[in-house]
Amino acid sequence: MLKDTGERVIPEKMKITNGLLLEHIARYHFAANYVHGRVLDFASGAGYGSHIIAKQCKKKIDEVLGVDIDSEVVDYAQKTYYHPLSTYRQADVTDPLLPEKLGKFDTVLSFETIEHVEDEEQFLSNIYHLLKPGGTLVLSTPFGQGRGKPCGSPFHVHQLTVEEFTNLFHDYEETTFYFQNGVLIEPAFLGTRDHYPLGIVVCKKQH
């Protein structure tokens, strides 16, 4: 049985009223509006999100590949969330050879990952090179005190400020930012940041 660390979302061990579970599921349902073709779920965890995309978007995707650094969670995902369109693979999201190993994707999803990553630059470079021209990235992270500053979670390297987050995606042709509070996801208005502890960006790579 997969160990519950308190950080990872494992739906089978959580109540349907659990706010963390609902928040995570809401992001995947939000992302379902943007996915197409070959989909990468970067740091897919227990696999429930990849499964949501595989089932809900089966008519507009070719496959979903869930990647996670933890081989135990990859094994759990394969056994618990099997779908003909989904596969799971162990890999490090900062491995510079990852684009070469995995190929190109039409859509990359990365939810609640960047705050765990020390090598932020390599992580973002991998995503950019994993995306096909014209591809779409949907990425989320919790806001905090900023890069290099301690935060409340022992699992996070740090938590970016709104400004740091919105400055990460200049390489993309189009970027649209959203704020999330619980299951509520709305277009971002920077003056209202206090009401929204999480940010989401939808990016389109140039053709």
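This structure is a prediction, so every number in the text was calculated from the model and none was measured.

The next point concerns the nonpolar core. Among the nonpolar cores identified, the biggest contains 31 residues, and Ile53, Leu109 and Val138 are the most heavily contacted of them. Listing elements by their share of this core, those giving two or more residues are helix 1 (19–31), helix 2 (48–56), strand 2 (61–68), helix 3 (71–80), strand 4 (105–111) and strand 8 (198–204). Apart from the residues within four sequence positions on either side, Val138 is in contact with Phe30, Ala31, Tyr34, Val108, Leu109, Ser110, Phe111, Ile200, Val201 and Val202. Counting residues in hydrophobic clusters, the runner-up holds 29 residues, among them Leu40, Leu124, Leu130 and Phe169.

What follows concerns the sheet that holds strand 5 (residues 131–142). Taken together, 8 strands build an open sheet; the order of strands is 3-2-1-4-5-8-6-7 and the sheet is mixed. Pairing within the sheet leaves two strands with one partner each, and these edge strands are strand 3 (86–90) and strand 7 (184–187). Taking each pair of neighbouring strands and ignoring which way they run, the sheet shows an average axis angle of 20°. Here strand 6 (residues 174–181) pairs with strand 7 via 4 bridges, running antiparallel. Each residue of the ladder has a partner; that of Tyr178, found in strand 7, is Pro187. Packed on one face of the sheet, helix 2 meets strand 1 (37–42), strand 2, strand 3 and strand 4 and runs near 180° to strand 2.

Time to look at unusual backbone geometry. What is expected of a backbone is that most residues other than glycine have negative phi and most peptide bonds are trans. Phi at Ala43 is positive, roughly 70°, even though this residue is not glycine. Considering the arrangement of structural elements, one finds Ala43 in the loop between strand 1 and helix 2. With a phi angle near 55°, Glu112 is a residue other than glycine that sits in the positive phi range. Structurally, Glu112 can be placed in the loop between strand 4 and helix 5 (120–130).

Definitions and limits used
- Residues numbered from 1 in each chain as written.
- Predicted model: local features only at pLDDT ≥ 70, side-chain atom pairs only at ≥ 80, totals over all residues.
- Heavy atoms only, no water.
- Core = buried A, V, L, I, M, F, W, Y, C linked by side-chain atoms within 4.5 Å.
- Buried < 20%, exposed > 50% of the residue type's maximum accessible area, 1.4 Å probe, protein only.
- Helix = DSSP H or I, 4+ residues; strand = E, 2+ residues; numbered from the N terminus.
- Contact = heavy atoms within 4.5 Å.
- Pairing = 2+ DSSP bridges.
- Axes fitted to C-alpha atoms, helices over the stretch in contact; angles between N-to-C directions.

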